[in-house]
Amino acid sequence: KKRNAIQVLCKGLFPSFISVIIAYYKPMLSNKCINFLSGIYIGYFISANADTWASELGIASTKEPILITTFKIVPKGTNGGVTLFGTCMSICGGCFISIVEIICNVIKNGTNDITLYMISMKIILGCVIGFIGSLLDSIIGAVFQMTIYNTKTKQIVDTHEYMSISKTQNDIYY
């Protein structure tokens with residue numbers, strides 16, 4: 001699927017908004033507030049990366065996906081389709097961003113204030129946020145995004161392209 005300008009804007013608008021709030025209001029904000037907003041910012045990217053890993057790597061699963069809302073087997077590429085492998089990849093994607101965040105903090109601030117407990121908690125939290133974010137994205141995809149599968153070509157049909165061509169009796173909607 002191709003990304004369009006609206007999708008890119010929607011994906012980048014929220015973290016940009018958080019960045020502007022932190023940058024503009026930093027002198028007026030407490031450290032707790034800045035840490036909270038920074039956590040939301042990092043959590044957003046943890047969730048986005050986890051979902052990307054689930055989608056892009058999860059499709060390589062040898063098992064057929066199930067639709068998260070009905071638990072019925074669906075074709076690969078169906079919105080809301082999940083596999084165990086894809087779910088594991090979402091957890092790894094969340095973990096990866098957590099590790100990158102830890103490394104960036106060590107480079108920026110040194111190792112004086114960092115403990116093994118803090119590192120462990122950040123990695124576990126990244127895994128959990130990645131899992132939950134990807135799970136929510138799958139539920140939203142299953143409920144709100146139509147997937148069209150053509151039984152003749154055995155392929156998922158792009159929804160935008162589908163609207164411009166004639167519909168056939170070989171199409172199944174998910």
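For clarity, every value in this text was computed on a predicted model and none was experimentally measured. (Residues numbered from 1 in each chain as written. Predicted model: local features only at pLDDT ≥ 70, side-chain atom pairs only at ≥ 80, totals over all residues. Heavy atoms only, no water.)

On to the overall build of the protein. When helices and strands are tallied, the protein shows 5 helices and 5 strands. What you see in the protein, going N to C, is helices and strands ordered as α-α-β-β-α-α-β-β-α-β. In the protein, which comprises 174 residues, the proportion classed as buried is 29%. In the protein, 56% of the contacts between residues at least 6 apart in sequence involve partners at least 24 apart. Accessible area of the protein: about 11900 Å², with a carbon and sulfur share of 67%. (Helix = DSSP H or I, 4+ residues; strand = E, 2+ residues; numbered from the N terminus. Buried < 20%, exposed > 50% of the residue type's maximum accessible area, 1.4 Å probe, protein only. Contact = heavy atoms within 4.5 Å. Areas by Shrake-Rupley, 256 points an atom, 1.4 Å probe, with all protein chains shown as cover.)

Packing of helix H2 (residues 31-58) against helix H4 (residues 116-144) brings their axes to within 8 Å, and their N-to-C directions diverge by 65°. H4 is crossed by H2, and the crossing has right-handed handedness. In this structure, H2 uses Gly 43, Ile 46, Ser 47, Ala 50, Asp 51 and Ala 54 to contact H4, whose residues at the interface are Gly 126, Ile 129, Gly 130, Gly 133, Ser 134 and Asp 137. (Axes fitted to C-alpha atoms, helices over the stretch in contact; angles between N-to-C directions. Left-handed = near helix turned anticlockwise from the far one by under 90°.)

Our focus in this paragraph is unusual backbone geometry. Positive phi, close to 65°, is recorded for Phe 71, a residue that is not glycine. Mapped onto the fold, Phe 71 is located in the loop between strand E1 (66-67) and strand E2 (81-82).

Let us look at the state of the cysteines. Tallying each qualifying case throughout the model produces 0 disulfides. You can see Cys 95 has no disulfide; the closest cysteine sulfur is in Cys 127, sitting 4.2 Å from it. (Disulfide = S-S within 2.5 Å.)

Next up on the list: the packing of helix H1 (residues 5-25) against H2. Across the interface, H1 lies against H2 with an axial gap of 10 Å and an inter-helix angle of 160°. Our classification of the angle between H1 and H2 gives roughly antiparallel. When the axes of H1 and H2 are compared, the crossing they make is left-handed. The segment H1 lies against H2, with Cys 10, Lys 11, Gly 12, Phe 14, Pro 15, Ile 18, Ser 19, Ile 21 and Ile 22 engaging Leu 37, Ser 38, Ile 40, Tyr 41, Tyr 44 and Phe 45. Grouping the amino acids of the contact of H1 with H2 by side-chain chemistry returns 11 nonpolar, 3 polar and 1 charged. (Parallel < 35°, antiparallel > 145°, perpendicular 65-115°, else oblique. Nonpolar A, V, L, I, M, F, W, Y, C, P; charged D, E, K, R; others polar.)

For the structure on display, the rule yields 1 salt bridge. The shortest N-O distance in the salt bridge between Glu 101 and Lys 122 comes to 3.3 Å. Highlighted residues: Glu 101 in helix H3 (residues 84-109) and Lys 122 in helix H4, separated in sequence by 21 residues. What makes Glu 101 buried here is its relative accessible area of 18%. According to the relative accessible area criterion, Lys 122 is partly exposed, its value standing at 26%. (Salt bridge = Lys/Arg side-chain N within 4 Å of Asp/Glu carboxyl O.)

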